[in-house]
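Each chain, written out:
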Amino acid sequence: PAAPLGFTDVNLNSRNTYEVSRRRSAPEHLPHGGTAPAEPAPPPQEPAERARHRVGIAGAGSSFADFFTRNFFTKRTKELKPAVQSAPGWKLFGKVPPRENLPKDSKIIQQEYEARTGRMYKPPPLSARRKNIEFEPLSTTALILEDRPANLPAKSVEEALRHRQEYDEMVAEAKKREIKEAHKRKKIMRERFKQEENIASAMVIWVNEILPNWEGMRATRRVRELWWQGLPPSVRGKVWSLAVGNELNITPELYEIFLSRAKERWKSFSETSSENEIEDAGASVADREASLELIKLDISRTFPSLYIFQKGGPYHDLLHSVLGAYTCYRPDVGYVQGMSFIAAVLILNLEEADAFIAFANLLNKPCQLAFFRVDHSMMLKYFAAFEVFFEENLPKLFLHFKSYSLTPDIYLIDWIFTLYSKSLPLDLACRVWDVFCRDGEEFLFRTGLGILRLYEDILLQMDFIHIAQFLTKLPEDITSEKLFNCIAAIQMQNSNKKWAQVFASLMKDNKEGEKNHSPAPKS
């Protein structure tokens, strides 16, 4: 009857629209759902409405249980139905065959290409391979050898040959790069082993010969040469302490006294309710700079890449104690930014009390005292002496700086305040400290000239802004060998006058100038 057929037809269309549409396009490949046998495909001339009518008649015999089972439990049906591997794929403009070729890696592509060209691929024996210079092309390198897909024009013979040549050039270049990097790694390892051997042998000499006879051997030529090469880390702190000395006669007990005073001061600062009360208390500038907050702020910025001086790090409290005790020991100097770097380097090489003793005596040297007290007249003398040797050693760069009115204070202040520990890598800064402890303040300015000599060619191409930025943040790849070669090339002698003589003459000229400009006494 027409009514049941129409009802069945509507239900089939509503639940199996996708299946019926597939049957219209490819009925010969898809069997009818359920257990009923597949209907033969209607002839091409049969109308679409009549074909749909035939499908409706075939589905009328199915029960409602089968109907709901097929509708609501499609996952179970799909699990039971085996996957048809030969079903064609589908595209917008027609059928395409299923993709059977799996992705190939470069080795398979290379082997197939060499097999087609008559050159069979034979992997080299393991004995013929070099252990550290073994090379394998990148995964996409050999794709240039692959033929184009079938829907694109094939490669010509000339293009195939050119691609082969390009591939060979890429492989050869990659091999050269790999060999160069391997040689570079070997060279670095050889230098490191050689350095470790030199340090070990030098340590024996320092421990067994030099340190037991310090006063008699410290000025000998042999010891000075060993000193220039860098102190072994195991004896560095001891040598620094001996070289800096203890003119202030500070004892560990004195350090504990000033540390307890610092803790009391921090406690009183923390109990103060507001910053206004601190200012109203009549505290001096040095006392305000000795506050807990300023020291804490500077400690957090001390060697941030090491993560050992920041809050929670193993040396945070230790650095805080040394700096706090110094502000109580020298309230006339107080705490100045840059001190944290000097104290941190000492803490890394000495025990707490010894680090404080060396720190206090080091900052008591004339150059450091002038800078940390911000004695402008003394700082200008040091800058003037520096420029004398700057012009003597690097005249072209000196004139370039003069043309931009770039004065030494722009870059020297940061170097001197931190003794290069902020500007240079830590291991290189420690080696600068080694010779600084041997030669004194002169070596600080000689190191500055060595840095300028090392980057002279680069600095000559820069303007004022770029020079200031470059010298404020030096390149991280600077090596001790290159820097010390440049420092050794700097001659600290001007018109047969050494650094101390030049600086003394500047001080003398300054005193005479002050006398000439002083007002005449009243009669």
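Only a predicted model underlies this, so the values are computations on that prediction, with no experimental measurement involved.

**Considerations on helix α20 (residues 395-403)**
Alright, step 1. Those residues of α20 that sit buried are Leu397, Phe398, His400 and Phe401. On an axial view of α20, the arc spanned by its buried residues comes to 160°, and they lie on one face. Exposed residues lying more than 90 degrees from the buried face of α20 are Lys396, Leu399 and Ser403.
Alright, step 2. On the buried face of α20, the contacting elements are α19 (376-393), α21 (409-418), α23 (441-454), α24 (456-459) and α25 (464-472).

**Notes on the packing of α21 against α25**
Alright, step 1. Running from N to C, α21 and α25 point in directions that differ by 5°, and their axes come no closer than 9 Å. Relative to α25, the element α21 is oriented roughly parallel. On the side of α21, the interface is formed by Ile410, Tyr411, Asp414 and Trp415, while α25 contributes Phe464, Ala468, Leu471 and Thr472.
Alright, step 2. Split into classes, the residues belonging to the contact of α21 with α25 amount to six nonpolar, one polar and one charged.

**Quick notes on the nonpolar core**
Alright, step 1. By size, the foremost hydrophobic cluster in this structure holds 111 residues, and its most contacted members are Trp206 and Leu452.
Alright, step 2. Not counting residues up to four positions away in its chain, the partners in contact with Trp206 are Leu211, Pro212, Trp214, Val223, Leu226, Trp227, Leu231, Pro232, Val235 and Val239.

**A closer look at the pattern of salt bridges**
Alright, step 1. In the structure shown here, the tally under the stated rule is eleven salt bridges.
Alright, step 2. Where Arg330 meets Asp332, a salt bridge forms, and the shortest distance between an N and an O atom there is 2.9 Å.
Alright, step 3. Using a relative accessible area of 43% as the deciding quantity, one classes Asp332 as partly exposed.
Alright, step 4. Here Lys402 ties to Glu387 by a salt bridge, and the two come within 3.8 Å at their closest N and O atoms.

**Quick notes on the UniProt feature "coiled-coil region" (unreviewed entry) in the protein**
Alright, step 1. As recorded in UniProt, the feature "coiled-coil region" (unreviewed entry) lies at residues 157-192.
Alright, step 2. Annotated as 100% helix and 0% strand, the span residues 157-192 places its first and last C-alpha atoms 52 Å apart.

**Notes on the packing of aromatic side chains**
Alright, step 1. For the coordinates displayed, the defined rule picks out 31 aromatic pairs.
Alright, step 2. Measuring from centroid to centroid gives 6.0 Å for Phe371 and Phe417, while their planes differ by 90°, and the two rings are edge-to-face. Pair noted here: Phe371 is in helix α18 (residues 366-372) and Phe417 is in helix α21, with a separation of 46 residues, a long-range link.
Alright, step 3. Measuring from ring centre to ring centre gives 4.7 Å for Phe445 and Trp499, while their planes differ by 25°; the resulting arrangement is stacked. One end of the pair, Phe445, is in helix α23; the other, Trp499, is in helix α27 (residues 499-517), with 54 residues separating them in the sequence. Both residues of the pair, Phe445 and Trp499, belong to the buried class.
Alright, step 4. One residue, Arg431, lies across the ring of Phe484, its end atom 4.0 Å from the ring centre.

**A closer look at the environment of Glu146**
Alright, step 1. Summarising the element assignment, Glu146 is placed in the loop between α6 (106-116) and α7 (157-210).
Alright, step 2. Using a relative accessible area of 30% as the deciding quantity, one classes Glu146 as partly exposed.
Alright, step 3. Spatially, the C-alpha atom of Glu146 lies 9.2 Å from that of Glu112, the residues being 34 residues apart in sequence.

**Let's talk about a nonpolar patch on the surface**
Alright, step 1. Together, Met203, Val204 and Val207 make up a nonpolar patch on the protein surface, roughly 210 Å² of accessible area in all.
Alright, step 2. Within the secondary structure layout, Met203 lies in helix α7.
Alright, step 3. Judged by its relative accessible area of 31%, Met203 is partly exposed.

**Let's talk about the packing of helix α22 (residues 426-439) against α23**
Alright, step 1. With their axes 6 Å apart at the nearest point, α22 and α23 run at an angle of 140° to one another. As judged from the angle between their axes, α22 and α23 are oblique. Contacts from Val432, Val435, Phe436 and Asp439 of α22 reach α23 at Glu441, Glu442, Phe443, Leu444 and Thr447.
Alright, step 2. Residue composition of the contact of α22 with α23, grouped by class: five nonpolar, one polar and three charged.

**Concerning the environment of Phe503**
Alright, step 1. Looking at the secondary structure, you find Phe503 in helix α27.
Alright, step 2. A sequence separation of 120 residues divides Phe503 from Phe383, and the C-alpha atoms of the two residues are 9.8 Å apart.
Alright, step 3. If sequence neighbours within four positions are ignored, Phe503 has contacts with Met378, Lys381, Tyr382 and Ala385.

**Here we look at the side chain of Ser421**
Alright, step 1. Examined against the element boundaries, Ser421 turns out to sit in the loop between α21 and α22.
Alright, step 2. For Ser421, the side chain forms a polar contact with the main-chain oxygen of Thr418, separated by 2.5 Å.
Alright, step 3. Setting aside residues up to four positions removed in sequence, Ser421 forms contacts with Phe303, Phe341, Ile342, Val345, Ala429 and Trp433.

**With respect to unusual backbone geometry**
Alright, step 1. Phi angles above zero are rare outside glycine, and Val374 is one such case at about 55°.
Alright, step 2. With respect to the secondary-structure elements, Val374 resides in the loop between α18 and α19.
Alright, step 3. Despite not being glycine, Leu419 shows a phi value in the positive range, around 55°.
Alright, step 4. Relative to the assigned elements, Leu419 resides in the loop between α21 and α22.
Alright, step 5. On the basis of relative accessibility, which here comes to 0%, the residue Leu419 falls in the buried class.

**Let's talk about the confidence of the model for the protein**
Alright, step 1. Per-residue pLDDT for the protein averages 77, and the proportion of residues at 70 or more is 66%.
Alright, step 2. Counting interchain partners and residues more than four positions distant, the pLDDT-below-50 stretch residues 30-46 has 19 contacts.

The rules behind these values
Residues numbered from 1 in each chain as written. Predicted model: local features only at pLDDT ≥ 70, side-chain atom pairs only at ≥ 80, totals over all residues. Heavy atoms only, no water. Buried < 20%, exposed > 50% of the residue type's maximum accessible area, 1.4 Å probe, protein only. Helix = DSSP H or I, 4+ residues; strand = E, 2+ residues; numbered from the N terminus. Arc of directions from axis to C-beta. Contact = heavy atoms within 4.5 Å. Axes fitted to C-alpha atoms, helices over the stretch in contact; angles between N-to-C directions. Parallel < 35°, antiparallel > 145°, perpendicular 65-115°, else oblique. Nonpolar A, V, L, I, M, F, W, Y, C, P; charged D, E, K, R; others polar. Core = buried A, V, L, I, M, F, W, Y, C linked by side-chain atoms within 4.5 Å. Salt bridge = Lys/Arg side-chain N within 4 Å of Asp/Glu carboxyl O. UniProt positions renumbered as here; feature names shortened; annotations may be inferred. Phe/Tyr/Trp six-rings, centres within 6.5 Å; stacked < 30°, edge-to-face > 60°. Lys NZ or Arg CZ within 6 Å of the ring centre and 35° of its normal. Patch = residues over 30% accessible without salt bridge, like charges linked within 9 Å, V, L, I, M, F, W, Y side chains within 5 Å. Areas by Shrake-Rupley, 256 points an atom, 1.4 Å probe, with all protein chains shown as cover. Polar contact = N/O pair within 3.5 Å; in protein donor to acceptor, adjacent residues only side chain to side chain. pLDDT = per-residue confidence, 0-100.

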